Amino acid sequence: MNSPAALSKTQALAGECIRLSGLVQGVGMRPSIYRLATELQLRGDVANCGADVLIQIWAPAPVLELFLETLFSHLPPGSRIDQCERQALVGHPPNKFLIQDSRPRSNSGEVHRSGIIPDRAICEQCIAELFQSDNRRYHHPFSNCTSCGPRFSILKAQTWERSNTSMQSFPLCSDCQLEFNSPLDRRFQAHATACPKCGPTLRYRQNTVDHQSDVIALAAADILAGKIVAIQGQGCFQLACHARNEAAIARLRKLKQRAQKPFALMVESPTDIDPYAYYSAAEQQLLESPAAPIVLLKTKMDLLASEIAPGLQDLGFMLANTALHHLILTVIKGPIVLTSANTSAQPPLYKLDQALQVLDSLCDGIVFHDRAITHRLDDSVAQLVNDVPRLLRRARGYVPAATALPPGFEQCPPTLAFGGHYKSSLCLLSDRHAVLSAWIGDLNSPAQCEDYQQQLIDFSAMNHFKPELLTCDQHPDYFSSTQAAELASETGMKLEPVWHHHAHAAACLAENGRALQSQPVLAVVFDGNGLGPDGTIWGGEFLLVDYQRFQRLGHITQFPLLGGESAAQQPWRSLLAQLHTSLSWSSLVDEFSDLAIIKLLAAKPIRTLEGMMTSHTNSPLCSSVGRLFDAVAAALEICFEKLSYEGEAAMKLQALAQQSIDQGSYPIAVVDSIDGSQLAFSTMWQALLNDLLKGAAHTDIARRFHNGLANAISAMAAQLFQQTTDWQEPTVALSGGVFQNALLLKLTIKSLEARGFTVLSHSLIPANDSGLAFGQAVVTAARSLTANTGMNDLCA
Ligand SMILES: [Zn+2]
Ligand SMILES: [Zn+2]
C-alpha cells in the first residue's frame, strides 16, 4: 500500500462515518467502495451494518467529496441509495482501506428495514464466461457473481450471507474461495458463487431415469422434438415447449387447463424477438434490466400470436435470465414458451420433492438440481405506457425490494397488510419503507389459501417483522380478511380494515411520493369489484382522497350484477344488464332485432332475468367498469357466453381497439344525481348498437368505446373540479385493474392533461388488486400517524 506524503499527516485528514441505506447489500457495494477508496488512496473501512452499508473514511476534505461524488455517479448495477447519513468521525485512521466483516446494527431495538434484495438476471460478464471454452465456468449452469444471480429466491434468513442461503450446502472449492476473498475480484464475497467443481449438480429426468451428463443436450433435444419439459427456474419450476410447435402448445394448454390465456416466450437476446414483435429502446432496456421481466410487446404478425396469445395484439417476451436458460436456448436457437409449472387453482411448484412427484406424470422431462428454492417467485410481467414501465405482476426481480415512503411517514408504526382476495399480496410497512410481497394468487381454492398462510409466516419471519397494527380489506368474507381478524383476536393487535377503492387510490398516491399531509386529489379507481361503504359493489369510482379519508364524488351509473358471481364469468349477463339499465328491452327489440346479439340474448329467459334485475334478486347493484368492459366485449361477440380467464374480455377488446385509429368517440353523459355525479351509458349504447346495425368495423367500435370512456373521465374530472371546494390542486390519480389497459391509460392521461390536470399513475406498484396491500398499509399508517379515527366521515 503506497502512502503518499500528503496523507501521512493524520491531522490533515477529515474523518467521516457514512451510512448508506437502500438496496446496498448483495449488489457489490462494498467492493466498489473498496476499489474507489484504494484508487484515491483513502484510509478507513467499509462493512455491512444491519441492512445498511457503513463507511468510515479519512481523507483531505476535497478528496472526501470527490470520493462521494464518484461513488454516487458510479453505483453498482441494481443498487439504490435511499439515504446517506454523514457524521464527523473522531479517532485515528488505519493505515489502509479495509473491508470488514458484517456487524449488527447498533441500536437493535429498531425494526429491521428490509435490505434483502431481489434476484438479478445473469450479467454480461458471466454470460461471456459461460461461452469461453477455456474458462473454468464454461457451460456452468449456476454461474453468477456479485452483480448477478439469485438472491431472495435462495435466502433462508436475513442477512445476505452464504450461510443464510441454500448455497450453504456447497462449500467453496479453493479456486472459488480465492476469488471470494479477493477484494478486486468480480466474485469478492459473492455469496451465491459456484463452479462446476463445488456448485450444485444438474440432472435430467426422463421416464423416472435421472441423467447426470448431457443434461442440456437431452432437454433441448426434447424441446426441439415437440416435447414438454419442466425446468427448475430461479424462483419456481417452469414448463417449456417450442414456440413454433402448435401441437406442443396445444398439449401445454390442455395440461395447464388454460384454453385461451396468453403464454409468455423466452428468447436469448432482443434480436431473437425481431421476427415476432416490435420493441422500442425503452422496452429493450426493460427486457435487459436486472429484473428481466416479461414485457408485453406489439406483435408483428399472427405467426405466433394465434396460438400463444389468441385474440391479442401483444406477446409477452422475456430474455434468458440464468445461465441454465442461456445454455438451453443456445441449442434451440428460437423462442420457447415458458410458463410457471402449475395446474389450475394451484400455486406454481417450487419445492423439489413435490415438483418431481407432480411433474413426472405431466411432462416428458424435468431439468432439476440440488440448489433449493426458498421463496417462490414467478416471472414478473410489465408493459411500457408513455415510456414508463408498469408492473402487471410483481415477482422475480422486484420482490422484496423496499419502496421508500413519502415525506411524513418517518415515524410510522410497524403495520402488516393482508391484501385482497384476487391476486392477493402482503405488505409490511415500517421505518419509512414498505415491503410488498409477490402476488400470491386468487384465494379461491384450499391450496391457494394454504399457500397464502405459508407466505404470511415466511414473509414476516424473513423480515423479522413484528407488527403493531393490522389491516385488511373491508370485505369481511375475504379469506385474507378472516386471517387478519384471527390474528387480531389472538394477539390483541388493532385491526383496521380499509375500503377497497381507498386502498387502490392510496397506493397510487404513495407510489407517486405524495406527502402525508398533502391536499386531497381526485382518484379515478376502475376495477372489477370491491365492497363499497353503501353495501353495493363498487368499481367505477371518482373519489376525493387523501391518505386518511375519501369521499365519493361520482361513479358510473349502477347496474345489476345479473346472477351475482356468475356475471363475472359470463359477459352476456353484463350486456343484458347494461342494456336493461340504458334502454328498455321492448325498444331494443323494436329497433335492433336484426342484430345477432339481440337474437342471442332473446334466446335467454329474458322475462325471468328482467324480473331478477328489477327486484334485485341475485342481482346486486354494482358500478363495475370491469363488467362494463365485459358488456361491450359481449356486444362485439367476444367471448359472449363465457370467459376462459379473468380479464379476457377487456384484453381482447383492447386488442381490437388497438387495430383502429378511428378518432370517433361514443357519447357518455355526466349527469347529476343524489349520490354524486354519474357517468351514464344510454347514449353510448344507442350509438354503439346503431354502429353495429350499420355494419361498422368492430375494431372501430372498440376504439370509439375506449375514446369515449377516456373523454368521459376527463369531462367528469373537469366538472367535479369546478364543483368541489375541497379539491384545489388539479391532480388526478388513476388506479384499479382496468388501468392495466394500456390504450385506456394512454388515452385517459392524454385527455386529462389536455384539460390541465396532473396525472398520477402506477409503475412499480401494480394498479390491480396485488397493489391493494400496499395501499391498506399506507392508509392505516397514515391514520395512526395523524391520530385520525379512521371513520370515513366524508363518505357517502
Ligand atoms: Zn455476473
Ligand atoms: Zn468452485
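Starting afresh in each chain, residues are numbered from 1 along the sequence in its written order. All chains are assigned letters beginning at A, and all ligands numbers beginning at 1, according to the order in which they are written. Only residues with pLDDT of at least 70 get local features here, since the model is predicted, and only at 80 or more are side-chain atom pairs given and counted; chain-wide, interface and lining totals rely on the full set of residues. The basis for every side-chain value is the complete set of non-hydrogen atoms in the structure, without hydrogens or water.

The name given to the chain in an unreviewed UniProt entry is Carbamoyltransferase HypF, with Zhongshania arctica as the source organism. UniProt positions are given in the numbering used here, feature names are shortened, and annotations may be inferred rather than shown by experiment. In its Pathway (unreviewed entry) section, the UniProt entry covering the chain states "Protein modification; [NiFe] hydrogenase maturation." Recorded under Sequence similarities (unreviewed entry), the UniProt text for the chain is reproduced unchanged: "Belongs to the carbamoyltransferase HypF family."

Caption draft 1: Inspection of the sheet that holds strand β17 (residues 402–404) at higher detail. Two strands are said to pair when DSSP picks up at least two bridges between them. Elements are defined by DSSP. Helices are runs of H or I of four residues or more, strands are runs of E of two residues or more, and each kind is numbered from the N terminus. The sheet built from six strands is open, its strands ordered β17-β20-β19-β18-β21-β22 with mixed pairing. With one partner strand each, in any of the chains shown, β17 and β22 (494–495) form the two edges of the open sheet. Bridge analysis of strand β21 (residues 469–471) against β22 gives two bridges, and the strand direction is parallel. The residue of β22 that forms the bridge with L470 is L495.

Caption draft 2: Seen up close, the coordination of the zinc ion (ligand 1). Listed donors are limited to N, O and S atoms within 2.8 Å of the metal, widened to 3.2 Å for Na, K and Ca; water is not among them, so incomplete-looking sites are possible. At 2.2 to 2.4 Å from the zinc ion (ligand 1) lie its protein donor atoms, namely C123 (SG), C126 (SG), C145 (SG) and C148 (SG). Sites are called tetrahedral only when four donors show all angles between 85 and 135 degrees, square planar or octahedral only when four or six donors show opposite pairs over 155 degrees and all other angles between 65 and 115, and irregular in any remaining case. Given four donor atoms and angles of 105 to 116° at the metal, the environment of the zinc ion (ligand 1) is assigned as tetrahedral. Of note, the zinc ion (ligand 1) draws all its donor residues from one chain, in the sequence arrangement C-x2-C-x18-C-x2-C. Of this pair, C126 sits in helix α4 (residues 124–130) while C145 sits in the loop between α4 and α5 (174–181); the two residues are 19 residues apart in sequence, bridging distant segments of the chain. In this structure, C126 and C145 share a single accessibility class: buried. Only protein chains enter the area calculation, which uses a 1.4 Å probe; residues under 20% of their type maximum are buried, those over 50% are exposed, and those in between are partly exposed.

Caption draft 3: Broad picture of the pairing of strand β12 (residues 314–319). The buried fraction of β12 is high, at six of six residues. Relative to β12, strand β10 (residues 264–267) runs parallel, the two sharing four bridges. Residue pairing across strands places V267 opposite L319, the latter belonging to β12. For strand β11 (residues 294–298) and β12, the ladder comprises four bridges, and the chain directions are antiparallel. Bridge pairing in β12 links K298 to D314.

Caption draft 4: Seen up close, the UniProt feature "domain: Acylphosphatase-like" (unreviewed entry) in the chain. In the numbering used here, UniProt assigns the "domain: Acylphosphatase-like" (unreviewed entry) feature to residues 15–101. Taken as a whole, residues 15–101 contains 28% helix and 41% strand, while its terminal C-alpha atoms sit 20 Å from one another.

Caption draft 5: Spotlight on the coordination of the zinc ion (ligand 2). Taken together, C173 (SG), C176 (SG), C195 (SG) and C198 (SG) make up the protein donors of the zinc ion (ligand 2), found 2.2 to 2.4 Å from the metal. Considering all four donor atoms around the zinc ion (ligand 2), angles at the metal cover 103 to 119° and the coordination shape is tetrahedral. Read N to C, the donor residues that coordinate the zinc ion (ligand 2) are spaced as C-x2-C-x18-C-x2-C. With C173 in the loop between α4 and α5 and C195 in the loop between α5 and β6 (202–206), the pair connects residues that are 22 residues apart, well separated along the chain. On the accessibility criterion, C195 (2% relative accessible area) is buried.

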